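Tertiary structure, described
Okay, here's what each chain looks like letter by letter:
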Amino acid sequence: MMHKSRNRVVFILGAGRSGTTLLYKILATHRRIAYLSNYQRLFPNLPFLACLQRLLNFFPEYKRKCWFNKDGGAYFNRRRKWLHAIVPTPSEAESIYASCNIPLVPADDYHLQPRVAECLLNKFEHILQKSNSEILLTKRTANNRRVPIFKQIFPDAKYIHVIRDGRAVAYSLLRVAWWNEHVLYWAGKTPKQMVEEGFDSLELAAKNWVMEMNSLEQGTALVQSNHLLEVRYDELLIDPREQLQRILDFMELNDEMDAAFWDIVESLKLTPKPEAWLSNWTASEIDTVHRLQADTLRRWGF
């Protein structure tokens, strides 16, 4: 029983600020897809709370109202009303991984212990069962570095890699509240600490994308081609219906129409926006980013 979830897990991968949260929330509105929620984040040892996801499926309008801003954004700029905050909402839920002793930054010689594997396998399976879903979808930026571990625990899992222009990612990173206090896994320090030591904040944001993409290249190289789907963020915004159908087909959820899911997608009014870095960075700032990102940008077709 505990091995059924091996081929029913899908991981969303991608550098921070690449659109992974938006895609995670959109896909989680599908009634046949389970997710790690704020309840799993708060109570990682109580996976039965995923039964609340089953209840929420009867009220899809609350997913739209409580998971997205009015303009369709996936992030909230202010605290939500308490009634909205109690609604099960997709979460990165690092506490689930931590409760099973999955390392945040696995060492190159990390050896997976059977009890660690069984712990995560059991929790994912219970969430699937209690939510009455067919697929468990999860998104966590740290998972970019955990693919070798997941390959051992979930050998048949699938991976969706969301790819965004590194210049747009760097521009966005510098404008989110959590960036300055976020520990950079490749440096072991926060941007705030490094700037105080004399580093340039723009260079740190640009380099972070490069380091994340390097980790992703190493991890996804381990995944067989039919279990890996690359999704371009800009293409998702240009034609969300085509791209989302492509993703559902990849997840093997293409045999049944979920009208509420497509209604929510339509209500988000996803559309591409002009790249802010083009109009807001100086020529010198663009040169700085290109100096650090040029090879990686070229390798990924930007």
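The preceding data block contains the structure.
Residues numbered from 1 in each chain as written. Predicted model: local features only at pLDDT ≥ 70, side-chain atom pairs only at ≥ 80, totals over all residues. Heavy atoms only, no water.

1. Some points on the packing of aromatic side chains
In total, this model carries twelve aromatic pairs according to the counting rule given. A ring pair is formed by Phe11 and Phe154, whose centres lie 5.9 Å apart and whose planes are at 55 degrees; its orientation type is tilted. In this pair, Phe11 sits in strand β1 (residues 9-13) while Phe154 sits in the loop between α8 (147-153) and β4 (158-163), placing the two residues 143 residues apart along the sequence. On the accessibility criterion, Phe154 (0% relative accessible area) is buried. Look at Phe124 and Phe154: their rings are 5.2 Å apart centre to centre, the planes differ by 15 degrees, and that puts the pair in the stacked class. Of the two residues, Phe124 sits in helix α7 (residues 114-131) while Phe154 sits in the loop between α8 and β4, which places them 30 residues apart along the sequence. We classify Phe124 as buried; its relative accessible area is 0%. (Phe/Tyr/Trp six-rings, centres within 6.5 Å; stacked < 30°, edge-to-face > 60°. Helix = DSSP H or I, 4+ residues; strand = E, 2+ residues; numbered from the N terminus. Buried < 20%, exposed > 50% of the residue type's maximum accessible area, 1.4 Å probe, protein only.)

2. Comments concerning a nonpolar patch on the surface
Taken together, the side chains of Leu42, Phe43, Leu46 and Phe48 define a hydrophobic patch exposed on the protein surface, amounting to about 370 Å² of accessible area. Structurally, the position occupied by Leu46 is in the loop between α2 (38-42) and α3 (51-56). Look at Leu46 and you get partly exposed, because its relative accessible area is 35%. (Patch = residues over 30% accessible without salt bridge, like charges linked within 9 Å, V, L, I, M, F, W, Y side chains within 5 Å. Areas by Shrake-Rupley, 256 points an atom, 1.4 Å probe, with all protein chains shown as cover. Salt bridge = Lys/Arg side-chain N within 4 Å of Asp/Glu carboxyl O.)

3. Side note on the packing of helix α4 (residues 60-67) against helix α14 (residues 259-268)
Direction vectors running N to C along α4 and α14 enclose 30 degrees, while the axes themselves pass 9 Å from each other. The angle between α4 and α14 places the two elements in the roughly parallel class. Remark: the crossing between α4 and α14 carries right-handed chirality. Contacts between α4 and α14 involve Pro60, Lys63 and Arg64 from the former and Ala260, Ile264, Ser267 and Leu268 from the latter. Classifying every residue of the contact of α4 with α14 gives four nonpolar, one polar and two charged. (Axes fitted to C-alpha atoms, helices over the stretch in contact; angles between N-to-C directions. Parallel < 35°, antiparallel > 145°, perpendicular 65-115°, else oblique. Left-handed = near helix turned anticlockwise from the far one by under 90°. Contact = heavy atoms within 4.5 Å. Nonpolar A, V, L, I, M, F, W, Y, C, P; charged D, E, K, R; others polar.)

4. Focus: the side chain of Arg64
Mapped onto the elements, Arg64 comes out in helix α4. It is Asp71 that comes nearest to the buried, bridge-free Arg64 among opposite-charge side chains, at 6.7 Å. Other than its neighbours up to four places away in sequence, Arg64 contacts Asn69, Lys70, Gly72, Ile264, Ser267 and Leu268. (Lys, Arg positive; Asp, Glu negative; His and termini not counted.)

5. What to know about the sheet that holds strand β2 (residues 33-35)
A sheet is described by the order of its strands in space; here five strands give the open sequence β2-β3-β1-β4-β5, paired in parallel fashion. Whereas interior strands pair on both sides, the edge strands pair on one side only; in this sheet they are β2 and β5 (228-232). Within this sheet the neighbouring strands show an average axis-to-axis angle of 25 degrees, counted without direction. When β4 meets β5, the two strands line up parallel, connected through five bridges. Residue pairing in the sheet places Ile160 in a bridge with Leu229 of β5. Packed onto the sheet, helix α11 (residues 201-220) meets β1, β4 and β5 and runs at close to 155 degrees relative to β4. Against the sheet, helix α13 (residues 240-250) makes contact with β2, β4 and β5, and its axis sits at roughly 170 degrees relative to β5, the strand it touches most. (Pairing = 2+ DSSP bridges.)

6. With respect to the nonpolar core
As a rule of thumb, nonpolar side chains are buried together in soluble globular proteins. Grouped together as the largest cluster of nonpolar side chains are 91 residues, with contacts concentrated most on Phe11, Leu27, Leu120, Phe124, Ile160, Leu244 and Met251. Among the elements that make up this core, the one with the highest residue count is α11 (eight residues). Setting aside residues no more than four positions away along its own chain, Met251 makes contact with Val10, Leu27, Ile33, Ile135, Leu137 and Ile160. (Core = buried A, V, L, I, M, F, W, Y, C linked by side-chain atoms within 4.5 Å.)

7. Considering the state of the cysteines
For the structure on display, the rule yields one disulfide. Here Cys100 connects covalently by a disulfide to Cys119, the sulfurs 2.1 Å from one another. Of note, the bridge from Cys100 to Cys119 carries an S-S torsion of about -70 degrees and is left-handed in sense. Residue Cys100 is located in the loop between α6 (94-99) and α7, and its partner Cys119 is located in helix α7; the two are separated by 19 residues in the primary sequence. Exposure remark for Cys100: the relative accessible area of 2% places this residue in the buried category. Its sulfur unpaired, Cys51 is 17 Å from the next cysteine sulfur, which belongs to Cys66. Using a relative accessible area of 36% as the deciding quantity, one classes Cys51 as partly exposed. (Disulfide = S-S within 2.5 Å.)

8. A word on the pairing of strand β3 (residues 135-139)
Along β3, five of the five residues are buried, which leaves the element largely enclosed by surrounding structure. Across four bridges, β1 lies against β3 in parallel orientation. Its bridge partner being in β3, Phe11 is matched across the sheet by Thr138. Of the strand pairs in this sheet, β2 and β3 are connected by three bridges, and their pairing is parallel. For Ala34, the partnering residue across the bridge sits in β3 and is Leu136.

9. Things to note about the environment of Ile102
Its place among the elements puts Ile102 in the loop between α6 and α7. C-alpha separation for the pair Ile102 and Val265, spaced 163 residues apart in sequence, amounts to 34 Å. Setting aside residues up to four positions removed in sequence, Ile102 forms contacts with Tyr97, Val116, Leu120, Arg146, Ile149 and Ile153.

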